[in-house]
Amino acid sequence: MSKDASYFRYWGKAKPAEVNGPAYHLLPFHCLDVAAVAGTLLDMGVIRLDSLAVSLGLDYKTVRQLAIFFMVLHDLGKFSNAFQGLVRDLSPELVSANPSKHYDERHDTLGWLVWRDSLRHDVLESRLPLPGHELWAMWIKSAVGHHGMPPKEEANGGMLRLDAADYFMADDIAAARSFIAEVAVMFLPDALPTPDKAMREAFKRHSWQLAGLAVLADWLGSNQAHFHYYTDSSISLPEYWKNIAKPAAAEAVVGAGLAASPVRGYQSHTDLFSYLIEPTPLQRFASEVPLGEGAQLFLLEDVTGAGKTEAALILAHRMMTAGLADGIYFGLPSMATANQMYRRIGNVYRHFYSTDAEPSLILAHGARQLIDEFRLSVSQPADRNYQSDEPSATAQCTAWLADNRKKALLADVGVGTVDQALLAILPARHQSLRLLGLARKILVVDEVHAYDPYMNKLLRRLLLAHARHGGSAVLLSATLPSTMRTELVNAFQSGTCNEPESLPVDLRYPLITHVHDQVDATHCETRTQLRRAVSVQMMQDEAAVLAMIREQAAAGRCVCWIRNTVDDARAAYAALQDHIEPDKLMLFHSRYAMGDRLDIENKMLDAFGKTCNGIQRAGKVLIGTQVLEQSLDFDVDAMVSDLAPIDLLIQRAGRLQRHTRDADGNPVSSGSDQRPSPIFYVYGPVPTDSPAIDWYAAVFPKGRYVYPDAGRLWLTQKALLVANQIVTPGEPMHPAAVRELVEAVYGEGGKSEIPDSLAQATNKCYGEMLGEQSMADFNSLNIDKGYCRDSSRFWDEEARIPTRLGDETVTVFLAFQSADGLRPFIEADRFAWELSAVRLDAKKLNALSPEWTSRYETEITALRARHKLLVEPSIILPLEPTIEMGEWRAMGANAKGQLVEVRYNVALGLCIG
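The following paragraphs examine the structure supplied in this document. As the structure is a computational prediction, the values presented were derived from the model and not from experiment.

What counts and how
Residues numbered from 1 in each chain as written. Predicted model: local features only at pLDDT ≥ 70, side-chain atom pairs only at ≥ 80, totals over all residues. Heavy atoms only, no water. 1 Å grid on protein atoms, 1.4 Å probe; cavity = no way out; pocket = protein on both sides within 12 Å on 5 of 7 lines; lining within 4 Å. Points joined across faces, edges and corners; volume = space filled by probe spheres on them. Helix = DSSP H or I, 4+ residues; strand = E, 2+ residues; numbered from the N terminus. Nonpolar A, V, L, I, M, F, W, Y, C, P; charged D, E, K, R; others polar. Pairing = 2+ DSSP bridges. Axes fitted to C-alpha atoms, helices over the stretch in contact; angles between N-to-C directions. Contact = heavy atoms within 4.5 Å. Expected span 1.5 Å × (residues − 1). Bend = angle between axes of the 7 residues up to and from the residue. Buried < 20%, exposed > 50% of the residue type's maximum accessible area, 1.4 Å probe, protein only. Polar contact = N/O pair within 3.5 Å; in protein donor to acceptor, adjacent residues only side chain to side chain.

Another point: empty space enclosed by the protein. Here the largest cavity is characterised by a volume of approximately 60 Å³. If you go around the largest cavity, you meet ten residues; those closest to its centre are Met335, Asn339, Met594, Leu598 and Glu601. The set of elements that each furnish at least two residues to the lining of the largest cavity consists of helix 13 (335-346) and helix 22 (594-608). Among the elements that take part in the lining of the largest cavity, helix 22 stands out by supplying four residues, more than any other. Grouping the constituent residues of the lining of the largest cavity by class yields six nonpolar, two polar and two charged.

The strand order 7-10-6-11-12-5-13-14 describes an open sheet built from eight strands, whose pairing is mixed. The sheet is open, and its two borders are formed by strand 7 (361-364) and strand 14 (519-523), each paired with just one other strand. Neighbour to neighbour, the strand axes of the sheet diverge by 15° on average, direction disregarded. Where strand 6 (residues 327-332) and strand 11 (residues 441-445) come together, five bridges link them in parallel fashion. Among the inter-strand pairings, Ile328 is bridged to a residue of strand 11, identified as Ile442. Helix 13 rests against strand 6, strand 7 and strand 10 (413-417) of the sheet, and its axis sits at about 160° to strand 10.

This part covers helix 8 (residues 197-221). The end-to-end C-alpha separation of helix 8 is 33 Å, in line with the 36 Å expected for 25 residues at 1.5 Å each. Where helix 8 bends most, at Arg205, the angle is about 50°. For helix 8, a buried count of 20 out of 25 residues is recorded, marking the element as mostly surrounded by other parts of the structure. A side-chain oxygen of the first residue of helix 8 lies 3.2 Å from the backbone nitrogen of Ala198; this N-cap is Asp196.

With that settled, the discussion passes to the sheet that holds strand 21 (residues 725-728). The mixed open sheet is built from seven strands, whose spatial order is 17-18-16-19-20-15-21. The two strands at the open ends of the sheet, each matched to only one other strand, are strand 17 (585-588) and strand 21. Geometrically, the sheet is characterised by an average inter-axis angle of 20° between neighbouring strands, direction not taken into account. Alignment of strand 19 (residues 638-642) against strand 20 (residues 679-683), held across four bridges, turns out to be parallel. Along strand 20, the bridge assignment pairs Ser641 with Val682. Each of strand 15 (532-539), strand 16 (559-562), strand 19, strand 20 and strand 21 touches helix 24 (residues 646-653); the most contacted strand, strand 19, lies at about 160° to it.

Here we come to the side chain of Asn905. With respect to the helices, strands and loops of the structure, Asn905 is situated in strand 28 (residues 899-905). Residue Asn905 is classed as buried on the basis of its relative accessible area, which comes to 12%. A polar contact of 3.2 Å, which involves the side chain of Asn905, links it to the side chain of Glu887. Setting aside anything within four residues of it in sequence, one finds Asn905 in contact with Gly886 and Glu887.

Take the pairing of strand 27 (residues 888-893) next. Note: strand 25 (residues 847-848) against strand 27, two bridges, orientation antiparallel. Within strand 27, the residue paired with Ala847 across the bridge is Ala893. Two elements, strand 26 (residues 875-881) and strand 27, share two bridges in a ladder whose sense is antiparallel. Bridged to Pro881 within strand 27 is Trp888. What sits between strand 26 and strand 27 in their antiparallel hairpin is a turn of six residues, with Gly886 showing a positive phi close to 75°. Of the pairings in the sheet, the one linking strand 27 to strand 28 comprises six bridges and is antiparallel in character. Residue Met891 lies in a different strand from strand 28, and its bridge partner there is Glu901.

In structure tokens form, the structure reads like this:
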């Protein structure tokens, strides 16, 4: 093409990082940069289109050429005069902006419009069969939608049809047509089959991954560290492609840490875990079970301490060896559990890959940059000139992967909250990148019983989408109702296009369910050390509970009381302060500044963790909330819990004498536990067959809002009274067996036993459950429709798409007055404001009081101007010291405008009112 080619009059990038470099990068060259990255990702095996080729009935080479061709067109919208007018006077050789063209729609949508209205027919008829066919329309949408959302068809809520003529001059369209004509010759195969309805339908499920590929390729292709700006139009497109774009793309992909890490073949469980000389029955099953063909699901139900994590990783490695995946994402219910799992996986993940590989491990949650191990794992490139649109925040991971949580699922191995994976099936911006990252990974989800109906429904949608993209999964649980087991299995089967089965109630436990071309359920034995009976003792007098804790601590035993609310936990802590030495009494809940919370979490694991000795544990008391019951590996000699649903009580009891110890509390590697027989104390209302309507609320006036289903709580108490113990794992039909206890509360027959006085609460909760599931249906994507606007009722930034339902929360940044002005409450060299943050119910604290606003408004305004992190709607809360040692106070207002006093100290956390 001559140097006078019209398409060289358009810029594609105009924000140079090089001070003395060119002011812009020509649009055709940027388009080739991005396409070259896409081709490199495909050629390196980072992304695979084999199943797309099979689905379309085309050879792989043809599909690869098509993918690269459409990727070249990802920025068609930038040929619009409206876009070109965003930056003026770059060069007299570029097009001049026409004031009649207003840039009020993004260039991704403009790319689709000009394809739809002007380009798809005449310029491609000789190269692309039926260029107006819906197959090609969906393909171009997946390419131009590279900014994280599908292009729009209409504006003003669908009332106004968008038209390319409103944004493009005739010369713009002619230039785009000329560009397409040349790249069609460069990239399109000589002969393509005529598309049909079957091909269109087959393409829909793959369009999500192609959209993710476009996002990833555009991010990398915009990295000026590798793709320098070129304004020299004397270079032809083929020359630029061969000599500049392709070599730079290879460097960019490798530099980002995305080059595929070769998987090391699975040999035995001891290759992964040298300490597993004697694997548990579950771990042995994971090592030996025959794998199926294609995508498959394992659901592992076993007792706490059975080694489910190791079993899941063994299965994952075996499936990776079989070519079913290249990596793993481990999703957990909370940041605390993710932090702990990240440290465990960091010790083993390299064993999944060849010895000369450099696999990446990333931590994925909102506060990961505060974890020392994660920050130290991030390798810093010599040239830090890469693009980033989120705060920097992964044993080894490149800075490029670590600078944005949206990239977390692209790492070889990821550990984080399940929320990061759930965003893949919500209409959140860049969700396609998350789906792309998950596609070649084994999705491991822990504590699947712990999610509410809304999250559970989203998880089922994720399993469907993951299976539809050929992905496999491993789900872990200690206590799973049979109805939930059926729902999860059916969701995965729907994704593999197999007819969901009506699973029979299977009361065997432990149980492994394997879903492939059929559903296999296998009973697994439990190792001898985990076969135990924990006596259950009901208590109705709070004073008696406190006395028992004091007696146990005085005898040198470590004790834990798990309470259902933060306020109740604080009350118990206060009641014990005069009786337990300060260094032996610990409180742990969710309302601490992040820095204090991380410190308490580490101290708690040091005092009650697996390796601590008898001296470290002796006489210590831990008071906490539900944050203690999920995946945290701690162990106490005695435990009491507020009455809660049966599955949660079983989880809590699993932390009672969790690890084998001698009589003095020192860990032992073999033999049986030498401590007194475990007793699990459950504090709650007086048992009765005729409960009053406030039977639970009278004892737990605040806890009733956490667990409002009083009927299920009554069933829980009744089942434990009948059983008098929790037998792990227990035989079928034994009333104290784990499975029987769960089914007694959640099974079909349980609801009919609930007294009339409590039935209304249960029915209300059932209605709310249906409402939450409907909300999940409403919020989540319709994967079957493909990557298009019609796949969701709305698209938005991820911050507004909830992965969890609940009361609206607000981030509060704690501050204090110093000689230099307001400073973060937690003083640290790095991330001081993040460490000073705490999330609260927005109804309880909605603003500063008028007095505090008047006193600090000027400084707060200045802080927000200096720190992007502190923007509204967050609250900056200046604290003032009180006369009480170590306590700080502030005045705020709740959502009703009522004044509230806020107090904070390191021991109790943040208190309102």
